Amino acid sequence: MDTVTPPLLLLDVDGPLNPWMAKPSRRPEGYTTHRMRPTGWEQPYQKPLRVWLNHGHGAVLLSLPFSLVWATTWTHEANEWIGPHLGLPKLPVITWPDERPQSSPYWKAPPAVHWKTATIVKYADGRPFAWVDDEITDLDREFVARYHGGAALLHQVDPRVGLLPDDFAALSAWAAELSGGRRD
Ligand SMILES: [Mg+2]
């Protein structure tokens, strides 16, 4: 049987799908504003979390030759709060260890491998994957190159603008090259 297993597409929410770093006063073009109360945002005195989503992104993501997986701090709540607005079916979810080393390129801390990276490598278990996240750095690329046995694309997305056509094109091109079995 000649079944081709598509690579995984590991999806972050805040940054790629919700351009949280865009100017608060100006909703990015093509996006709809949602007010959400996921876990941690349930208190009545707390303002609901503002999330910008582009409802066209679901169809584009589903058209890519990947198996989609949530790789976000929203974990299972991405299937409840995010996916339905994008027209995405319920997706598998990566869950994270409780102890998260605190690292983010936005914080004034020494550069470090992202707290998601080791878990992502473990989850992929050698299967090719593309990881889309706003917090990816070269340290993560080095970690994946060293510890992941298969092909990988670590694709950083600007959280001021979210996923753009160029990002989708880069993912498609990478998957096409992978399935073409390019020989160097
Ligand atoms: Mg993010």
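One can find the structure itself at the top, above this paragraph.
Residues numbered from 1 in each chain as written. Predicted model: local features only at pLDDT ≥ 70, side-chain atom pairs only at ≥ 80, totals over all residues. Heavy atoms only, no water.

**Here we look at the overall build of the protein**
Just so we agree on the cut-off: The numbering of helices and of strands both runs from the N terminus, where a helix is a DSSP run of H or I of at least 4 residues and a strand a run of E of at least 2. As defined in this context, the radius of gyration uses C-alpha atoms, and a globule is described by 2.2 Å times the residue total to the power 0.38.
On a plain count of helices and strands, the protein comes out with five helices and six strands. The linear arrangement of helices and strands in the protein, starting from the amino end, is β-β-β-α-β-α-α-β-α-β-α. A globule of 184 residues ought to have a C-alpha radius of gyration of about 16 Å, and the protein, at 17 Å, matches this closely. Taking the principal axes of the C-alpha coordinates as reference, the protein spans close to 55 × 35 × 25 Å.

**Some points on the coordination of the magnesium ion**
Put simply, the rule is: Here a donor is any nitrogen, oxygen or sulfur atom (N, O, S) within 2.8 Å of the metal, with 3.2 Å used for Na, K and Ca; water is not among the atoms considered, so some sites may look incomplete. Burial classes follow relative accessibility: with a 1.4 Å probe on protein chains only, a residue under 20% of its type's maximum area counts as buried, one over 50% as exposed, and anything between as partly exposed.
In the first shell of the magnesium ion, the protein supplies Asp12 (OD), Asp14 (O) and Asp134 (OD), at 2.1 Å from the metal. In primary sequence terms, the donor set of the magnesium ion follows D-x1-D-x119-D. With a gap of 122 residues between them, Asp12 in the loop between strand E1 (8-11) and strand E2 (32-36) and Asp134 in the loop between strand E5 (129-133) and helix H4 (138-147) connect regions that are remote in the sequence. Accessibility assignment for this pair places Asp12 and Asp134 in one class, buried.

**Considerations on helix H5 (residues 165-179)**
Quick reminder of the rule: Helix span, expected: 1.5 Å multiplied by one less than the number of residues in the helix. Here the arc refers to the set of directions running from the helix axis out to each C-beta atom.
The end-to-end C-alpha distance of H5 is 21 Å, a good match for the 21 Å that 15 residues give at a rise of 1.5 Å each. Where H5 is concerned, the buried positions are Asp167, Phe168, Leu171, Trp174 and Ala175. Buried residues of H5, seen end-on, are gathered within an arc of 125 degrees and therefore sit on one face of the element. Projecting away from the buried face of H5 at angles above 90 degrees are the exposed residues Pro165 and Asp166.

**Quick notes on the pattern of salt bridges**
The following threshold applies: Salt-bridge detection follows one rule: a side-chain nitrogen of Lys or Arg within 4 Å of a carboxyl oxygen of Asp or Glu.
Evaluated as defined, the whole model comprises four salt bridges. Note that Lys116 is salt-bridged to Asp12, the shortest N-O span being 3.1 Å. Remark: Asp12 occurs in the loop between E1 and E2 and Lys116 occurs in the loop between helix H2 (77-86) and helix H3 (117-124); sequence separation between them is 104 residues. Here Lys116 falls in the buried class, since its relative accessible area comes to 4%.

**A word on unusual backbone geometry**
For residues other than glycine, phi is negative in most cases, and the peptide bonds are mostly trans. Phi at Thr75 takes a positive value of approximately 35 degrees, unusual for a residue other than glycine. Structurally, the position occupied by Thr75 is in the loop between strand E4 (67-70) and H2. At Asp125, a residue that is not glycine, the phi angle is positive and equals roughly 50 degrees. Here Asp125 is to be found in the loop between H3 and E5. Overall, Asp125 belongs to the exposed group, its relative accessible area being 67%.

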